[in-house]
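# Structural overview for review
Each chain is listed here by its residues.
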Amino acid sequence: MADRFDVVVIGAGSAGFAAAQTASRKGAKVALVDKGPLGGLCILWGCMPSKALLRSAEVAHLATASRLWGIETGKVAIDFRAVMARKDRLIKRFADYRIHQIHELPNTELIMGHARFVAPDRLMVGNREIRGEHVIIATGSVPFVPPIPGLEQTGYILSDDALNLAAPPRSMLVIGGGVIAVELGQFYSRMGVDVTLVEAAPHLLPKEDVDVSEALEAALSREGLRIVTGRKVIRAERRDGQKILVVARDGDETELMGQEIFVAAGRVPNVQSLNLDAAKVAMDGRRIRVNEFMQTSNPRIYAAGDAWGGSFLVHLAIAEGELAARNAVEHAMEAMDYRVVPHAVFTDPNVARVGPTEHDCAIRGVDVLVATTPFAEHGKAELMGGTALEGFVKLIADSRTGEILGAQAVGPEVADLIHELVAVISLRGSIEAFMKIPHIHPTLAEIWTYPAEEIMEILRERSLRARVTLMPGGYGPDESEECIEAPSASRPQ
Ligand SMILES: Cc1cc2nc3c(=O)[nH]c(=O)nc-3n(C[C@H](O)[C@H](O)[C@H](O)COP(=O)(O)OP(=O)(O)OC[C@H]3O[C@@H](n4cnc5c(N)ncnc54)[C@H](O)[C@@H]3O)c2cc1C
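Residues numbered from 1 in each chain as written. Predicted model: local features only at pLDDT ≥ 70, side-chain atom pairs only at ≥ 80, totals over all residues. Heavy atoms only, no water.

## Considering the layout of surface pockets
Any space left empty among the atoms is revealed by the rolling of a water-sized probe across them. Approximately 560 Å³ is the volume attributed to the second largest pocket. Elements supplying a minimum of two residues to the lining of the second largest pocket: α3 (47–64), α7 (179–190) and α13 (414–426). (1 Å grid on protein atoms, 1.4 Å probe; cavity = no way out; pocket = protein on both sides within 12 Å on 5 of 7 lines; lining within 4 Å. Points joined across faces, edges and corners; volume = space filled by probe spheres on them. Helix = DSSP H or I, 4+ residues; strand = E, 2+ residues; numbered from the N terminus.)

Now the structure itself:
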């Protein structure tokens, strides 16, 4: 006889823990299944270990450049083992706490083992059969390894390995120019490794606006990372104890050589072994098909986090897990809101964004006003010096209403600075409203007021122009936009 639960959650990572916590607090009888180790990607092999290492890299960089601030340190030495040991200590603490939280969940049985569907409402975990009125799939993701001829024979490491090396290689070829590639690439570069990033798209971080990618590329290049973009890896080889990647553009081949190859080409949902056919859960390519309620094609089965293949961010995994649990338990059928999804890249300088890019707006035909301000012209950044002077912030506002639609930044602490704009955009704030918010001086956060002021000026000028030109012509308010956009020859001087 199968044991019955109101909700079976497969996977106790960020999405699964959030789902189990939400469902169990609402009184549901929950089974939380995990094959182990407990802790989830974010804590064990993702956000937390990578950011712990990047902090050590930042300190190494500051110490090396300390003369800039009038401080002599003598020769800076990196103790790589100590860097890794600090990270391990932190990760153990975070994982222990998460395991404690899992054991404290009310109405929840933790079942350790690999889950596999045998019917739409039944799963086997080892020899035990369990049944769920609702099931939430939160099995996370695995690294994507592109099918490059010779790669398997040549050998490579993945992000789990890169976070746990016993000693740094002399040189590293990184396949990929996305978030994981640039973060860990910079970490190893600052640990003294000769790093080359290889990205097939024309720029690193291809989903960002080109000016953002270029600013990061410039910063990383200045530090000595080699950046090869617009070239595809077509072959890997091993020669004279070295690993070689052959990259090509328009038939023109180049060889890159390194001691290690790090494949950082993104991640794909980890659902292969779940036997989703038995669950009647349909796929769209590698992704699980979900609707806005996080329901799969089987309405009693939900998916959340990396497992469905959406956006691979912890805050989304948590939000989706909570929402799936609420919908499963309360049947309220709340929809996921993806309007405000901030994200950041924790390189130095950071990269951060909320809302659409300028490029997204152009593609969708949204008429926007855009203004940018470089950190090099910002007082607080000048006081800080060093890498704080790199990058810029960008604001994107609706040209008709002045509503702030998006914000992007490359620069010091922008992964934190973006939150001000997350709040404003969530509350649908306008440039005018933003300009009324006092900012403490001198802070990095003040920098947002400069592009806001620039956009405000344009809006003021437009409304002024609209008043002067439109009224004599007798146009009603509906047509005013067209008039504002009229050629400059018709504008009053
Ligand atoms: C190097 C790196 C750095 C990152 N940095 C950031 C960052 O700074 N910020 C950010 O937002 N995101 C970051 N991410 C992404 C983030 O870690 C993930 O989006 C998030 O952790 C996914 O959570 P999840 O719950 O969907 O999956 P996971 O946390 O992977 O949980 C899946 C769980 O399912 C279990 N499981 C799998 N299959 C089965 C099965 N068949 N039966 C039972 N149990 C199973 C696993 O054991 C695991 O515990 C990073 C990722 C990496 C790799």
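Moving on, there is more to tell.
## Quick word on the site of the ligand
Around the ligand sit 36 residues in total, of which A15, D34, L41, K51 and D306 are the nearest. Separating a nitrogen atom of the ligand from a side-chain N or O atom of H114 is a distance of 3.4 Å. One of the backbone N or O atoms of L313 is found 3.4 Å from an oxygen atom in the ligand. When the ligand sits alone it has 1000 Å² of accessible area, and the protein chains cover 93% of it. Contributing elements (two or more residues each) for the shell around the ligand: α1 (14–25), β2 (30–34), α2 (40–44), α3 and α10 (314–330). A breakdown of the residues in the shell around the ligand according to their chemical character gives 16 nonpolar, 15 polar and five charged. (Near = heavy atom within 4 Å. Polar contact = N/O pair within 3.5 Å; in protein donor to acceptor, adjacent residues only side chain to side chain. Areas by Shrake-Rupley, 256 points an atom, 1.4 Å probe, with all protein chains shown as cover. Nonpolar A, V, L, I, M, F, W, Y, C, P; charged D, E, K, R; others polar.)

## Here's the deal with the packing of aromatic side chains
Considering all chains together, one arrives at three aromatic pairs under this definition. Ring geometry for F187 against Y188: centres 4.8 Å apart, planes inclined by 75°, an arrangement best described as edge-to-face. With respect to class, F187 is no different from Y188; both count as buried. Taken together, F80, F187 and Y188 form an aromatic cluster joined through their ring pairs. Of note, K29 hangs over the ring of F5, and the distance from its end group to the ring centre comes to 4.9 Å. Here the basic side chain of R98 rests over the ring of F17, its NZ or CZ set 4.1 Å away from the ring centre. (Phe/Tyr/Trp six-rings, centres within 6.5 Å; stacked < 30°, edge-to-face > 60°. Buried < 20%, exposed > 50% of the residue type's maximum accessible area, 1.4 Å probe, protein only. Lys NZ or Arg CZ within 6 Å of the ring centre and 35° of its normal.)

## Some points on α10
With 17 residues, α10 extends 24 Å between its outermost C-alpha atoms, agreeing within 8% with the 24 Å of an ideal straight helix rising 1.5 Å per residue. Along α10, the positions that sit buried rather than exposed are L316, A317, E320, G321, L323, A324, A325, N327 and A328. Buried residues in α10 make contact with α1, β6 (128–137) and β18 (301–303). One or two residues past the end of α10 sits H331, with phi positive at roughly 55°. (Expected span 1.5 Å × (residues − 1). Contact = heavy atoms within 4.5 Å.)

## A closer look at the environment of I288
Positionally, I288 belongs in strand β17 (residues 287–288). Here the alpha-carbon distance between I288 and R98, two residues 190 residues apart in the chain, equals 27 Å. The residues touching I288, leaving out its near neighbours within four places in the chain, are I137, V271, L276, V281, A282, M283, T296, A303, A307 and W308.

## Details of the sheet that holds strand β12 (residues 242–249)
The strand order β11-β12-β13 describes an open sheet built from three strands, whose pairing is antiparallel. Both outer strands of the open sheet, β11 (232–239) and β13 (252–258), are each paired with one neighbouring strand and no more. Taking the axes of each pair of neighbouring strands and ignoring which way they run, one obtains an average angle of 25° across the sheet. Two strands pair when backbone bridges link them, and β12 and β13 are joined in this way by seven bridges, in the antiparallel orientation. In the strand pairing of β13, I244 is matched with M257. (Pairing = 2+ DSSP bridges. Axes fitted to C-alpha atoms, helices over the stretch in contact; angles between N-to-C directions.)

## Things to note about empty space enclosed by the protein
Taken as a whole, this structure holds two cavities of 30 Å³ or more when the rule is applied. When its volume is computed, the largest cavity comes out at roughly 70 Å³. If you trace the largest cavity, you find it lined by P143, F144, S159, I180, F262, V263, A264, A265, G266 and R267. A per-class count over the lining of the largest cavity returns seven nonpolar, two polar and one charged. Of the pockets and cavities examined, the second largest cavity occupies roughly 40 Å³. Taken together, G305, D306, W308, G310, S311, F312, L313, L316, A317 and E320 make up the full set of residues lining the second largest cavity. Here the lining of the second largest cavity is built from residues that sort into five nonpolar, three polar and two charged.

## What to know about the environment of A57
Along the polypeptide, A57 turns up in helix α3. Along the backbone, A57 and I91 are 34 residues apart, and their C-alpha atoms lie at a distance of 17 Å. Beyond its immediate stretch of four places on either side in the chain, A57 contacts F187, R190 and M191.

## A word on the pattern of salt bridges
Tallied over the entire structure, the rule returns 30 salt bridges. For R222, the salt bridge is made with E390, and the minimal N-O distance between the two is 3.1 Å. Of the two residues, R222 is situated in helix α8 (residues 210–222) and E390 in the loop between α12 (379–384) and β22 (392–398); the sequence distance between them amounts to 168 residues. Of the residues examined, E390 reaches a relative accessible area of 13% and is grouped as buried. (Salt bridge = Lys/Arg side-chain N within 4 Å of Asp/Glu carboxyl O.)

## Examining the side chain of E208
For E208, the location among the structural elements is in the loop between β9 (194–199) and α8. Among the residues examined, E208 registers a relative accessible area of 10% and is labelled buried. A distance of 2.8 Å separates the side chain of E208 from the side chain of H343, its partner in a polar contact.

It is worth stressing that arrangement in space is one thing and function is another; only the former is reported here.
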